[in-house]
Amino acid sequence: MLKAGILGGGQLGRMLLQAAANYPVETFVLENDAHCPSAHLCEHFVKGDIRNYDDVYAFGKMVDALTIEIENVNVEALEQLEKEGLAIYPRPSVLRTIKNKILQKQYYKENEIPSPAFVVTQSKSELAQHTELVPAVHKMGEGGYDGKGVQLIREKADLDKGFDVPSVLEKMVNIRKEIAVMVAMNKEGETALYPPVEMIFDPVLNLLDYQLCPADLDQRTLWKAEAIALSVVRNFKSPGIYAVELFVNAEGDVLVNETAPRVHNSGHHTIEAHYSSQFDMLWRIILGYPLGNTDPILPSAMINLVGAEGLSGPAVYEGLEEVLKIDSAFVHIYGKKETKPGRKMGHVTVIAPTKQDLLFNANKVKNLMKVTSILNRQS
């Protein structure tokens, strides 16, 4: 039986482990927090730092294959393990490119993949030399995650809000839609695409609020999105699963925003709404099985459950019972004991034959369910 390791023990690892239960695989997780969402679902939990060379290297020696649930891992250790013959999904070269937004942007440019215009800045003082890109978005090269490390520069007066570390200054796009395409590639280079999803973001937290699948796109835009997403993945020359996030601008152009080389928030709906989920698909790739069927069973909407603003402490899921009365709603709670403002605590997927029903039920879930704290209830 193949021994497979996951670097990181958050909710993505948790859902990967839930899918692993269907396959002949022995699971290992490396994570610092012994109470993380994945800890009780894996067969072997190893306490350690995924950013530490020695911890990652020693963990890699225990398994036959490795994958990740977050990019922020020690790439040097993975490169050494790969030299020694360990199968890693995706390959360390992909992680080295993607975890640094500067290298990621340069990758798109080198491979002629359409992406917003940008310059690299080494310090905050350099921003004043590139006012032609304003309005723009300043993104830290490394360390940003889930809306952190991203600063909007709407006008020249905002330049002082930029980062004083190596970063990317990217021209702001007049966005008509934000979409994402999940792409799977196996060891033979065969690919499978999931239908694009349309992402609706929380403007305050800059986190995904909810999404709809399939995205409402005309045929030409759909073809462009699929061709661009395939180009991003094929040029990596690495098996794995990828979330390619794209902008559709006012003129109908499709531009790559960012790529995640792993299972992703924008693919959670596939658990119930597609024949093969993104998590099932990654196991098929790692274990050498045929790629799964990415067709939708029904259209879907996925709503993120995040910690309510101003509340921290032991989590309480208000409205859970009411949401469970919705016939086509599927609730996923991630097992995080403590809530914090904006923290991802779970998601709900709803499926329905019509967009009207989807939007109705998605809004119902958003209005019914809140993640608050037991401390707040006692006050």
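We now turn to the structure provided with this report. (Residues numbered from 1 in each chain as written. Predicted model: local features only at pLDDT ≥ 70, side-chain atom pairs only at ≥ 80, totals over all residues. Heavy atoms only, no water.)

1. Structural notes on the state of the cysteines
Scanning the entire structure with this criterion turns up zero disulfides. Free cysteine: C42, not disulfide-bonded; nearest cysteine sulfur from C36 at 7.2 Å. (Disulfide = S-S within 2.5 Å.)

2. Looking at helix 1 (residues 11–20)
Taken across its 10 residues, helix 1 has nine buried, putting it largely inside the fold. Those residues of helix 1 not exposed but buried are Q11, L12, G13, R14, M15, L16, L17, A19 and A20. (Buried < 20%, exposed > 50% of the residue type's maximum accessible area, 1.4 Å probe, protein only. Helix = DSSP H or I, 4+ residues; strand = E, 2+ residues; numbered from the N terminus.)

3. Some thoughts on the side chain of N186
You can see N186 is positioned in the loop between strand 10 (175–185) and strand 11 (191–193). For N186, a relative accessible area of 5% puts it in the buried group. A distance of 3.0 Å separates the side chain of N186 from the backbone nitrogen of E188, its partner in a polar contact. (Polar contact = N/O pair within 3.5 Å; in protein donor to acceptor, adjacent residues only side chain to side chain.)

4. A look at the environment of N265
Among the structural elements, N265 can be located in the loop between strand 15 (254–260) and helix 7 (270–273). Relative accessible area serves as the criterion here: at 7%, N265 is assigned to the buried category.

5. Looking at the sheet that holds strand 21 (residues 370–373)
Taken together, the three strands give an open sheet; going across it, the order is 19-17-21, and neighbouring strands pair in antiparallel fashion. Each end of this open sheet is capped by a strand with a single partner; those strands are strand 19 (338–339) and strand 21. (Pairing = 2+ DSSP bridges.)

6. Some points on unusual backbone geometry
The phi torsion of most residues other than glycine is negative, and most of the peptide bonds are trans. In this model, Y89 is joined to P90 through a cis peptide bond whose omega is -5 degrees. For the bond from C213 to P214, the omega torsion is 0 degrees, close enough to zero to count as cis. With respect to the secondary-structure elements, P214 resides in the loop between strand 13 (207–213) and helix 6 (219–236). One non-glycine residue, E112, lies in positive phi territory at about 55 degrees. Secondary-structure assignment places E112 in the loop between helix 5 (101–110) and strand 6 (118–121). Residues other than glycine seldom take positive phi values, yet K237 does so here, at roughly 55 degrees. Structurally, K237 can be placed in the loop between helix 6 and strand 14 (240–249).

7. Focus: the pattern of salt bridges
Counting across every chain of the model gives 14 salt bridges. In this structure, E84 and K61 form a salt bridge, with 2.7 Å as the shortest nitrogen-oxygen distance. A residue pair is termed long-range when its members are at least 10 positions apart, and E84 in the loop between helix 3 (75–83) and strand 5 (87–89) and K61 in the loop between helix 2 (53–60) and strand 4 (65–68) qualify at 23 residues. Notably, a salt bridge pairs E258 with K139, separated by 3.3 Å at the nearest N-O pair. Of this pair, E258 sits in strand 15 while K139 sits in strand 7 (residues 136–140); the two residues are 119 residues apart in sequence, bridging distant segments of the chain. Classification of K139 by relative accessible area gives buried; the value is 6%. Linked through salt bridges whose partners overlap, the residues forming this network are K105, K139, E170 and E258. (Salt bridge = Lys/Arg side-chain N within 4 Å of Asp/Glu carboxyl O.)

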